[in-house]
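Structure assessment
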Amino acid sequence: LCTFPCHPPTTAAVQAGASLINDICALREPGALETAAASGAAVCLMHMQGEPRTMQREPHYQDVVTEVRTFLDVRVTACLAAGIDANRLLLDPGIGFGKRLQHNLALLAAIPDLAVHERPILIGASRKSMFGTLLDRPGQGRLGRGGDARGRKGAGGLPERGGLLADAAGGHQQSLHGPQAALA
């Protein structure tokens, strides 16, 4: 279950059987920590600079790896204090969420350093235009072989291949949109 905002849709989804809360707000919304703690579901805490509508306007960091690591550490500590067992937590550095290409690359290179409290790292590599940019295929890389987010053909599974890069760099989990492209 991907959530934004987290509460109350999370409660209904967990009651319906969702076993993972993938929260782009890292349980910072009012009531989110309590809802997650009571749910028993696993929780993925994601870093995002800004809000979804504005996050890509002017992302800026002094040291993206240190800032994301510190954020994740603070959020894990808040979860532990709220009674969420550490074994239920996954961490996501938020590739593409309030980050420029150089920030994303720095985070991918530092995956092992981001595993605060020895929690596994999830990398959301799908629907990321950065892979099309890296391979000089702009406009591609948003979805797998079926096309990009606007239905254009020819993305060629670039994001899913990016997930393989993350895996090789030490990521523990991948989040994919259209996983059939990754399996083709």
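On a predicted model such as this, the values are computed, not experimentally measured, just so you know.

Let us look at the overall build of the protein chain. Broken down by element type, the protein chain carries seven helices and six strands. Helices and strands in the protein chain line up, N terminus first, as β-α-β-α-β-α-β-α-β-α-α-β-α. Looking at the protein chain residue by residue over its 184 residues, the buried ones come to 44%. Across the protein chain, contacts joining residues at least 24 apart in sequence account for 57% of those joining residues at least 6 apart. Carbon and sulfur atoms make up 54% of the accessible area of the protein chain, which amounts to about 9100 Å² in all.

Inspection of the secondary structure assignment puts Thr54 in the loop between β3 (42–46) and α3 (64–81). Residue classification places Thr54 among the partly exposed positions, given a relative accessible area of 33%. Between the C-alpha atom of Thr54 and that of Phe97, which follows or precedes it by 43 residues, the distance is 9.8 Å.

Non-glycine residue Leu27 carries a positive phi angle of around 60°. Relative to the elements of secondary structure, Leu27 occurs in the loop between β2 (20–23) and α2 (32–39). A relative accessible area of 2% places Leu27 in the buried class. Positive phi is not limited to glycine here, since Glu118 has a value of about 55°. For Glu118, the position within the fold is in the loop between α4 (101–109) and β5 (122–124). Among the residues examined, Glu118 registers a relative accessible area of 73% and is labelled exposed.

On to the environment of Glu58, then. With respect to the helices, strands and loops of the structure, Glu58 is situated in the loop between β3 and α3. The exposed category is assigned to Glu58, whose relative accessible area is 64%. Taking C-alpha positions, Glu58 is 8.5 Å from Lys99, a pair spaced 41 residues apart along the chain. A polar atom in the side chain of Glu58 sits 3.2 Å from the side chain of Arg100.

Here the focus is the confidence of the model for the protein chain. Per-residue confidence for the protein chain gives a mean pLDDT of 76, with 63% of residues at or over 70. Mean pLDDT values over the elements of the protein chain span from 43, in helix α7 (residues 179–183), up to 98, in α3. Low pLDDT (under 50) marks residues 141–166, which in the prediction has 72 contacts with non-local residues, meaning those over four places away or in another chain. Contacts of residues 172–184 to residues separated by more than four positions or lying in other chains number 31 contacts, the stretch itself having pLDDT below 50.

A word on the pattern of salt bridges. For the coordinates displayed, the defined rule picks out one salt bridge. Between Arg100 and Glu58 there is a salt bridge, and its shortest N-O distance comes to 3.2 Å. One end of the pair, Arg100, is in the loop between β4 (89–92) and α4; the other, Glu58, is in the loop between β3 and α3, and 42 residues separate them in sequence. Residue classification places Arg100 among the partly exposed residues on the basis of a relative accessible area of 32%.

This part is about the nonpolar core. Core analysis: the biggest nonpolar cluster contains 32 residues, and Leu27 and Leu45 have the highest contact counts within it. Broken down by secondary-structure element, the contributors of at least two residues to this core are α2, β3, α3, β4 and α4. If you tally residues by element for this core, the top one is α3, at eight residues. Membership of the second largest hydrophobic core comes to six residues, among which are Ile24, Met46, Met48 and Phe97.

This part takes up the pairing of β3. Every regular strand shows the same layout, with side chains that alternate between the two sheet faces. Among the five residues of β3, four are classified as buried, and the element is accordingly described as predominantly covered. In the sheet, β2 pairs with β3 via four bridges, with the strands oriented parallel. Its bridge partner lying in β3, Ile21 is registered against Val43. Tracing the backbone out of β2, into α2 and back to the parallel element β3 gives a crossover that is right-handed. Of the strand pairs in this sheet, β3 and β4 are connected by four bridges, and their pairing is parallel. Within β4, the residue paired with Met46 across the bridge is Asp92. For the crossover that starts at β3, traverses α3 and ends in the parallel β4, the hand is right-handed.

Reading the values: rules and limits
Residues numbered from 1 in each chain as written. Predicted model: local features only at pLDDT ≥ 70, side-chain atom pairs only at ≥ 80, totals over all residues. Heavy atoms only, no water. Helix = DSSP H or I, 4+ residues; strand = E, 2+ residues; numbered from the N terminus. Buried < 20%, exposed > 50% of the residue type's maximum accessible area, 1.4 Å probe, protein only. Contact = heavy atoms within 4.5 Å. Areas by Shrake-Rupley, 256 points an atom, 1.4 Å probe, with all protein chains shown as cover. Polar contact = N/O pair within 3.5 Å; in protein donor to acceptor, adjacent residues only side chain to side chain. pLDDT = per-residue confidence, 0-100. Salt bridge = Lys/Arg side-chain N within 4 Å of Asp/Glu carboxyl O. Core = buried A, V, L, I, M, F, W, Y, C linked by side-chain atoms within 4.5 Å. Pairing = 2+ DSSP bridges. Right-handed = clockwise from strand over helix to strand, strands pointing away.

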